[in-house]
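Given next are the chains, with one letter for each unit.
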Amino acid sequence: MLSDERRRRLLTAMAEAGIEELVAYGNAWQGDYLRYVADFGILEGHGIAVVKADGSTELFLDSASEAERAEVETPAVTIRFVSDIARAVGARLDRVANQRLAAAPRRFLPNWLADKGRSFTLEDGTALLDRLLMHKLPGEIAVLKRAAQLADEAYAAFRAAVVPGRRQYELVADIEAFLRRRGCPDNFMIIGSGGKDVLGMTPPSERRISAGDLVTTELTPSVEGYFVQICRTCVVGNANEAQRRAFAVYREALEAGVAAVRPGATAADVARAENDVFRKYGLGDYVTSKWTRVRGHGLGLFCDSKPHILEDVDTPLVPGMALIVHPNTYHPEVGYLVLGDAVVVTERGAEVLCKTPRELFEVAA
Amino acid sequence: MRRGLISHSKAELPDAVLDARLARLRAAMAEARLDVLLVYTNNTRTAGVSWLTGFVPYWSEALLVVARERDPVLVVALTYRVKSWIERTSYVAEVIHTPRIGLEAARMIAGWKPDAAVGVADLDGLSAGIADDLHEAGPRLMLRDATALFGRLRAKADPAEIALAVKAASIAQDALSRPPARGAALGDIIADAEARARGLGAEEVYIAAAPDLARDHRFRRIEGEAARGASFALRATVAYKGTWIRLVRTFVGAGAATPDEAAGRFAAAVAELPSERGFASFSSWLVEGCRIAQPLAPLIGSRVAAPDPPAPGALVSVQGSVEVGGQAVLLGAPALVGERGEAASLLVPPS
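Predicted model, so just to flag it, every value in this text is computed and none were measured.

> Teacher, can you tell me more about the overall build of chain B here?
Per the secondary structure count, chain B includes nine helices and 14 strands. Its C-alpha radius of gyration of 22 Å places chain B within 12% of the 20 Å reference for a compact globule of 351 residues. Taken along the three principal axes of its C-alpha coordinates, chain B extends 70 × 45 × 35 Å. A burial count over chain B gives 56% of its 351 residues as buried.

See below:
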């Protein structure tokens, strides 16, 4: 099982670092560290896992409903349902205060647990787990490929759902139902529709789809906890010349970014390759933080993992990393446009996971 | 991550309601001699900030800075590009964007008063990184735990919150109302329920299933294919404009006991809340509600070791498992705890 492979790798990393027990924190926003060590996809409340050097794991949860779910979904882990999770974990760590302990991500731990007044010291184990999260095992890559196929299918369903008069949240309802039918329990998705008035994507609103709209989405289904993202834009009706011209810039930027993905390159190299295309066309202002957050990011047990693809992030790319390259940003002539593909870094460069054509799609007005 | 409809309706959550909540908070702050109160939010701990502003982050995090003499300021880690979305979906005077929300909040407060008394709702549970940033940028600020203060204000639901819970309950009821087609796969049943809830404007929907009550009564999230038994149960956790409820429905096979008797016993047990007496014949039960920011925190129940009974007038979601005629029946519905000796009442009937 993939969770067993992860566990073995974690224990090896802990042994190499001399860590005797590892504490991993998670919630539904930052759940990847917890998922990696305890194989539980948390939805509500806080969760903290404590992993011993022999691999035995206790998972502390402060939601009774989540604790019940965890007992069924992660039978290999000992579940502790407690109202005050920080103090319960603290009492557990008091017993091993003389050992070398680390926590990840330390900055998200409850303040009480990280307080220097405790009997134990929690080193920052974030970098240790970040390495494991970023550098995927073959089994993890295989799951990501299944998620990518689902992302392609879900985007096809999305295009079918884009019908003038429908509200944004109704489109998302269709896609969530599509994914549940496929046995996919989770997805991250934001959306935009309109023209030059749209500065970015957000959760769906009550806005209705109209003829001429650019409809953007970032769709991110998960399989066994692994998220793969696809970004595409469609036009309601026939794309006009300005929209086609603008989209060509994004396609060129995506191709440049994907071409820059290779072992030895850095996240910054990929971002620079994308952004240079925009700068070439006089759109350099639109690759700044005023208009765009990141030019891509890691994929895995979180839909927005490290490394962030930005010109000041020097994380080296190595085989086994999974990323999305997405030169999403605002275009002054047409509005917000998105285009992005998930890739895996291989010895030979990028292997693109998604098969959906890099087109500015048109749907019936 | 939140991906349902996040919107702000002045008809459902009027400014006057939010102003009144803020006024009560400021009065309590004055009594406690707090200059400022901080409330943290992320997409799992939404219920403190949403109660004061309507703001619900779809991801990321924020701190609401409530000063006694100034308009509240929302310090968010979301980027500037979504400023207009935040302004559309919440009632807040000023929004500041920064990746280090603790640092920015402390700088701002220290600029007003370097040694301000700053209450923090759930100070112990605040992320360590944010607490460190508060200390770094406001070394003279006096941080105090304001959990009890905030919890007292948050405990009793006002009519607007009750109305939102009723709406959430009606969405969940609709989602679980239709009997599945003969032979329908569990994934299709869940998909249909979720589509209905999201199509009705739910902010979030989690559908959990106990696929075969003859084998296991516990709920889980379904991934891949799951066979269902003759009797199974679904639990819909639904958020609507910041207010969360759970509803449970058991689907029984032909010839099995109907859940009607169980529903009656459940309603009778709920009526006795906050007393636990009514649940004596239940094999398990749970009452959840909001104390500070977690929308559905455990309050009392068969597995809750440190009970925190709901206050009079509190909104809660109740779940229970009871056996009727040899058949396990799982039930759940939101309820309002009575005041002045009144019985607690279900917002929608269990079925």
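> Sorry if this is basic, but what is going on with the pairing of strand E7 (residues 204–210) of chain B here?
For a regular strand, side-chain orientation follows a simple rule: the groups alternate between the two sheet faces. Among the seven residues in E7 of chain B, seven count as buried, and that is most of the element. Across the two faces of E7 of chain B the burial is the same, with Glu204, Tyr206, Ala208 and Ala210 of chain B and Val205, Ile207 and Ala209 of chain B all buried.

> Whenever I open this one, the interface of chain A and chain B confuses me. Can you help?
With 49 residues of chain A at the contact, the number on the chain B side is 54 residues. Taken together, the elements giving at least two residues each to the side of chain A that touches chain B come down to helix H3 (64–73), helix H5 (111–114), helix H8 (168–181) and strand E7 (187–194) of chain A. Among the elements that take part in the side of chain A that touches chain B, H8 of chain A stands out by supplying nine residues, more than any other. Within the side of chain A that touches chain B, the residues separate by chemical class into 24 nonpolar, 10 polar and 15 charged.

> How should I be thinking about the nonpolar core in this particular structure?
One broad trend across soluble globular proteins is that nonpolar side chains are buried collectively. Among the nonpolar cores identified, the biggest contains 258 residues, and Ala24 of chain A together with Leu38, Val65, Ala168, Ala172, Ala236 and Val238 of chain B are the most heavily contacted of them. At nine residues, the largest contribution of residues to this core is made by helix H9 (residues 241–260) of chain A. Residues contacting Ala236 of chain B, with those up to four places away along its chain left out, are Ala172, Ala175, Leu176, Ala193, Ala197, Val205, Ile207, Arg246 and Leu247 of chain B.

> Would you explain the domain arrangement of chain B in this entry?
Many descriptions give the size of an interface as the accessible area lost when the pieces come together. Residues and elements named next belong to chain B. Its domain assignment divides chain B into domain 1 (15–154) and domain 2 (159–346). Taking only C-alpha atoms into account, the centre of domain 1 sits 32 Å from that of domain 2. Listed by contribution, the elements that provide at least two residues to the side of domain 1 that touches domain 2 are strand E1 (36–42), helix H2 (47–53) and helix H6 (147–155). Of the residues contributing to the side of domain 1 that touches domain 2, the split by class is seven nonpolar, seven polar and three charged.

> Looking at this structure, how should I read the sheet that holds strand E3 (residues 57–61) of chain A?
Within a beta sheet, neighbouring strands are joined by backbone hydrogen bonds and run either parallel or antiparallel to one another. Residues and elements named next belong to chain A. Taken together, six strands build an open sheet; the order of strands is E4-E3-E2-E1-E5-E6 and the sheet is mixed. Each of the sheet's edge strands pairs with one partner strand only, and the pair in question is strand E4 (78–81) and strand E6 (122–124). Adjacent strand axes in the sheet meet at a mean angle of 25° when their direction is disregarded. Where strand E2 (residues 47–52) and E3 come together, five bridges link them in antiparallel fashion. Bridging across to E3, Ile48 finds its partner in Phe60. Each of E3 and E4 is contacted by H3, which is oriented at about 170° to E4, the strand it contacts most. Helix-sheet contacts for helix H6 (residues 126–134) involve strand E1 (21–26), strand E5 (101–104) and E6, and the interaxial angle to E5 is about 55°.

> What exactly am I supposed to notice about the packing of helix H7 (residues 159–175) of chain B against helix H8 (residues 186–199) of chain B here?
Two numbers describe a pair of packed helices, the interaxial angle and the distance between the axes. Residues and elements named next belong to chain B. At a closest axis distance of 8 Å, the pairing of H7 and H8 adopts a crossing angle of 150°. By the angle between their directions, the pair H7 and H8 is classed as roughly antiparallel. As for the relative orientation of H7 and H8, their crossing is right-handed in sense. Within the contact between the two elements, H7 uses Ile171, Ala172, Asp174 and Ala175 and H8 uses Ala193, Arg196 and Ala197.

> Whenever I open this one, the domain arrangement of chain A confuses me. Can you help?
All names here are of chain A. Split into domains, chain A comes out as domain 1 (2–134) and domain 2 (138–363). Its C-alpha centre places domain 1 at a distance of 32 Å from the equivalent point of domain 2. Of the residues lining the interface, 10 residues belong to domain 1; the matching set on domain 2 comes to 14 residues. Of all the elements in the fold, those that place two or more residues in the side of domain 1 that touches domain 2 are helix H1 (2–17), helix H2 (32–38) and H6. In terms of residue class, the side of domain 1 that touches domain 2 is built from four nonpolar, two polar and four charged.

> How should I be thinking about unusual backbone geometry in this particular structure?
Among all residues except glycine, the phi angle is most often negative; among peptide bonds, the trans geometry is most common. Of note, the bond from Lys306 of chain A into Pro307 of chain A is cis; its omega dihedral lies within 30 degrees of zero at 0°. Each neighbour pair has its own omega, and for Leu273 of chain B with Pro274 of chain B the value is 10°, a cis peptide bond. Positive phi outside glycine occurs at Arg33 of chain B, with the angle close to 60°. Note on placement: Arg33 of chain B falls in the loop between helix H1 (15–31) and E1. In the Ramachandran plot, Lys241 of chain B falls in the positive-phi region, its phi being about 50° despite a non-glycine side chain. Considering the arrangement of structural elements, one finds Lys241 of chain B in the loop between strand E8 (232–240) and strand E9 (243–251). When the 25 C-beta atoms within 10 Å are taken as the criterion, Lys241 of chain B is described as buried.

> So what exactly am I meant to see when it comes to the environment of Ala214 of chain B here?
Residues and elements named next belong to chain B. Looking at the element boundaries, Ala214 is found in the loop between E7 and E8. The class for Ala214 is partly exposed, based on 13 C-beta atoms found within 10 Å. Between the C-alpha atoms of Ala214 and Arg100, which are 114 residues apart in sequence, the distance is 51 Å. Setting aside anything within four residues of it in sequence, one finds Ala214 in contact with Gly229 and Ser231.

> So what exactly am I meant to see when it comes to the environment of Glu176 of chain A here?
Here Glu176 of chain A is to be found in helix H8. Distance from Glu176 of chain A to Phe158 of chain A, taken between C-alpha atoms, is 10.0 Å for residues 18 residues apart in sequence. Those residues in contact with Glu176 of chain A, other than ones at most four positions away along the chain, are Asn187 of chain A together with Glu194, Ala195 and Arg198 of chain B.

> Explain the packing of H9 of chain A against helix H10 (residues 267–280) of chain A here, please?
Residues and elements named next belong to chain A. Contact pair H9 / H10: the axes reach a minimum separation of 8 Å and the direction vectors enclose 155°. Classified by the angle their axes make, H9 and H10 are roughly antiparallel. Viewed along their axes, H9 and H10 form a crossing whose handedness is right-handed. Contacts from Val249, Glu252, Ala253, Ala256, Gly257, Ala259 and Ala260 of H9 reach H10 at Asp269, Val270, Ala273, Glu274, Asp276, Val277 and Phe278. Partitioning the contact of H9 with H10 into residue classes produces nine nonpolar, one polar and four charged.

What counts and how
- Residues numbered from 1 in each chain as written.
- Chains lettered and ligands numbered in written order.
- Predicted model: local features only at pLDDT ≥ 70, side-chain atom pairs only at ≥ 80, totals over all residues.
- Helix = DSSP H or I, 4+ residues; strand = E, 2+ residues; numbered from the N terminus.
- Rg over C-alpha atoms; globule rule 2.2 N^0.38 Å.
- Buried ≥ 20, exposed ≤ 12 C-beta atoms within 10 Å, placed from the backbone.
- Contact = placed C-beta atoms within 7 Å.
- Nonpolar A, V, L, I, M, F, W, Y, C, P; charged D, E, K, R; others polar.
- Core = buried A, V, L, I, M, F, W, Y, C linked by C-beta atoms within 7 Å.
- Domains from an automatic or database assignment.
- Pairing = 2+ DSSP bridges.
- Axes fitted to C-alpha atoms, helices over the stretch in contact; angles between N-to-C directions.
- Parallel < 35°, antiparallel > 145°, perpendicular 65-115°, else oblique.
- Left-handed = near helix turned anticlockwise from the far one by under 90°.

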